[in-house]
Amino acid sequence: MHPQQLAGAGFATLDVVPSASPLIRLFAVGVLSVFGALPLGARLARAQPAGSEVAQERARREVERGERLLVRGRRRAAEGAFTRAMRLDPSAPLPITRLAELWLGSLGEITAHPTAATMRRASQVLAAVANVPDGVRRERMQLTEAMALAATGDHAGAVAVLARAPRLVSGQLGTALDALALLCAERHDLASAETALRVAIEGAPEAERARRLGDVLLARGRAAQAVTVLQTALGFAPDALGLRVALAEAQLAAGDTEGAAAGLTLVATRCPFECGALLARIALESGDATLAAQRAREVLERPVTAGSPSPDAVADADGELAARASSGYVLGLALLRLGRREDARNALRDVLRRAPDHAGARRALRATMP
């Protein structure tokens, strides 16, 4: 094949040795194409024009070959096939999408701390996406672009891409936004997490999404807004226990102890541990140490639910043991306010026996020491 034809087929440049003979120049082209000396962007720039029917057909065949290789478990070979398809037709979205799935997985699989290799591949995906015409890119590549942006740490950009995703069905879009919101929260980007959840709720209001949005707003110190969001959500899902508990948490954080207690009392029998522990906190925040101690003891004295961990086990992040640890902490603080320092120390030591990482109990215990 003549060097000019090789260049038209997407191989490396003929400008390597301008003064060399055609044979030497052809040899240089072959070496560069075999070893991939040029960056991905340069190779794509020298691919056949996107409008070439021959290139498009060859790209389609490479994609089909890559799919067959994946079925046979030959992942690396499949990557090669998809990469060749992308070089042949840089404007085609499918090869880029398949490579992104192989390199990055899904939004839910991107970790809070991606490796350097993951970020490098995400950048390669974004460079490839930039070669796709804007119309096709907006209509068919939202998930791929958002996933790559999230992998590079551009959470706001990822949310913006998904927010203007008209072709995604609400369920698919909601799932992607949920995963992105979780990733943003894990990376402490609460502003982007809030935006992602708000966009998801606009498309498909769900009680669990509203609850998580309330959590994010509380973490951002916006308790009053969390109350508004959760009250609105309860209007559509009045029986959602998680929403009711989250609303009580938000009301307590906003200083509305009466509203928190009133709403929680309605569902206390449905969640005796978590609701009981929260009612004890509400009583303590209201200034009633005696009632707080009484409610905390009620939780601590409840028998362990069948199938739950032993009360002597270290507390988990949630569930009965967490409620017991919270109630023990409230009991210790209430006893301190009642002037019963030794009993308070014993209660706080019991909390730390169950939950050694409970920072509040540790600080309170130190404060009781002579």
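Predicted model only: the values in this text are computed from it and were never measured.

(A) Representation of the nonpolar core within the structure. Judged by nonpolar contacts, the single largest core of 62 residues is most densely connected at Ile-96, Leu-104, Leu-107, Val-125, Leu-162 and Leu-180. The greatest single-element share of this core, amounting to 8 residues, is contributed by helix H11 (residues 170-186). Within the second largest apolar cluster, 13 residues are counted, among which are Ala-292, Ala-293, Ala-296 and Leu-331.

(B) Representation of the state of the cysteines. Counting across every chain of the model gives 1 disulfide. Disulfide pairing is shown between Cys-271 and Cys-275; the S-S distance is 1.6 Å. Look at Cys-275 and you get buried, because its relative accessible area is 0%.

(C) Broad picture of a positive patch on the surface. On the surface, a cluster of positive charge is made up of Arg-65, Arg-68, Arg-72 and Arg-74. Judged by relative accessible area, Arg-65 falls into the partly exposed class, the value being 35%.

(D) The packing of helix H6 (residues 93-104) against helix H9 (residues 142-151), seen in detail. Taken N-terminus to C-terminus, the directions of H6 and H9 make an angle of 35°; their axes are 10 Å apart at the nearest point. Between H6 and H9 the crossing geometry is left-handed. Of H9, the residues touching H6 (which contributes Ile-96, Thr-97, Ala-100, Glu-101 and Leu-104) are Thr-144, Met-147, Ala-148 and Ala-151. Classifying every residue of the contact of H6 with H9 gives 6 nonpolar, 2 polar and 1 charged.

(E) Representation of the packing of helix H18 (residues 289-300) against helix H19 (residues 320-337) within the structure. Look at H18 against H19: their axes get within 8 Å of each other, and the N-to-C directions meet at 150°. Regarding the angle of H18 to H19, the classification is roughly antiparallel. For the element pair H18 and H19, the recorded crossing hand is left-handed. When H18 is examined against H19, the residues Ala-289, Ala-292, Ala-293, Ala-296, Arg-297, Val-299 and Leu-300 are found in contact with a partner set consisting of Ala-323, Arg-324, Ser-327, Gly-328, Val-330, Leu-331, Ala-334, Leu-335 and Arg-337. Of the residues that constitute the contact of H18 with H19, the class distribution is 11 nonpolar, 2 polar and 3 charged.

(F) Main features of the environment of Ala-112. Note that Ala-112 resides in the loop between H6 and helix H7 (116-129). Sequence-wise, Ala-112 and Cys-184 are 72 residues apart; in three dimensions their C-alpha atoms are separated by 7.9 Å. Aside from chain neighbours lying at most four places away, what touches Ala-112 is Leu-183, Glu-186 and Arg-187.

(G) Layout of the pattern of salt bridges. If you walk through the whole model with that rule in mind, you get 23 salt bridges. Linking Arg-98 and Glu-101 is a salt bridge whose minimum nitrogen-to-oxygen distance equals 2.2 Å. Of the two residues, Arg-98 and Glu-101 both sit in helix H6, 3 residues apart, roughly one turn of that helix. The class for Arg-98 is buried, based on a relative accessible area of 16%. For Glu-101, a relative accessible area of 37% puts it in the partly exposed group. Arg-281 is paired through a salt bridge with Glu-249; the nearest N and O atoms lie 3.2 Å apart. You can see Arg-281 sitting in helix H17 (residues 272-285) and its partner Glu-249 sitting in helix H15 (residues 241-253), a full 32 residues away along the chain. On the basis of relative accessibility, which here comes to 28%, the residue Glu-249 falls in the partly exposed class. Salt bridges linked by common partners bring Asp-178, Glu-206, Glu-208, Arg-209, Arg-211, Arg-212 and Asp-215 together as one network.

(H) Summary view of helix H21 (residues 359-368). Taken together, the buried positions of H21 are occupied by Gly-360, Ala-361, Ala-364, Leu-365 and Thr-368. Down the axis of H21, the buried set is contained in an arc of 130°. They therefore lie on one face. Residues of H21 that are exposed and point over 90 degrees away from its buried face: Arg-363, Arg-366 and Ala-367. Against the buried residues of H21 lie H19 and helix H20 (341-354).

(I) Just unusual backbone geometry, in detail. One non-glycine residue with positive phi stands out, namely His-188, at about 65°. For His-188, the position within the fold is in the loop between H11 and helix H12 (190-203). Given a relative accessible area of 70%, His-188 falls into the exposed group.

(J) Highlighting H7. Across its 14 residues, H7 extends 20 Å between first and last C-alpha, which sits within 8% of the 20 Å expected from 1.5 Å per residue. All of the buried residues in H7 are Ala-122, Val-125, Ala-128 and Val-129. The buried side chains of H7 occupy one side of the element, clustering within an arc of 120° when seen end-on. Projecting away from the buried face of H7 at angles above 90 degrees are the exposed residues Ala-116 and Arg-120.

(K) Structural context of the environment of Arg-270. With respect to the secondary-structure elements, Arg-270 resides in the loop between helix H16 (257-265) and H17. Ignoring sequence-local partners within four residues, the contact set of Arg-270 consists of Asp-239 and Leu-241.

(L) Structural detail: the side chain of Thr-368. Within the fold, Thr-368 resides in helix H21. Thr-368 has contacts with Leu-336, Arg-341, Arg-345 and Leu-348, leaving out every residue within four places of it along the chain.

(M) Region of the structure containing the confidence of the model for the chain. Residues at a pLDDT of 70 or more form 81% of the chain, whose mean pLDDT is 82. Note on residues 22-48: pLDDT is under 50 here. Beyond four places in sequence and across chains, it has 50 contacts. Here residues 306-317 is a poorly scored stretch, pLDDT under 50, and it has 23 contacts once near neighbours within four places are set aside; other chains count.

What counts as what
- Residues numbered from 1 in each chain as written.
- Predicted model: local features only at pLDDT ≥ 70, side-chain atom pairs only at ≥ 80, totals over all residues.
- Heavy atoms only, no water.
- Core = buried A, V, L, I, M, F, W, Y, C linked by side-chain atoms within 4.5 Å.
- Buried < 20%, exposed > 50% of the residue type's maximum accessible area, 1.4 Å probe, protein only.
- Helix = DSSP H or I, 4+ residues; strand = E, 2+ residues; numbered from the N terminus.
- Disulfide = S-S within 2.5 Å.
- Patch = residues over 30% accessible without salt bridge, like charges linked within 9 Å, V, L, I, M, F, W, Y side chains within 5 Å.
- Areas by Shrake-Rupley, 256 points an atom, 1.4 Å probe, with all protein chains shown as cover.
- Salt bridge = Lys/Arg side-chain N within 4 Å of Asp/Glu carboxyl O.
- Lys, Arg positive; Asp, Glu negative; His and termini not counted.
- Charge placed at Lys NZ, Arg CZ, Asp CG, Glu CD.
- Axes fitted to C-alpha atoms, helices over the stretch in contact; angles between N-to-C directions.
- Left-handed = near helix turned anticlockwise from the far one by under 90°.
- Contact = heavy atoms within 4.5 Å.
- Nonpolar A, V, L, I, M, F, W, Y, C, P; charged D, E, K, R; others polar.
- Parallel < 35°, antiparallel > 145°, perpendicular 65-115°, else oblique.
- Arc of directions from axis to C-beta.
- Expected span 1.5 Å × (residues − 1).
- pLDDT = per-residue confidence, 0-100.

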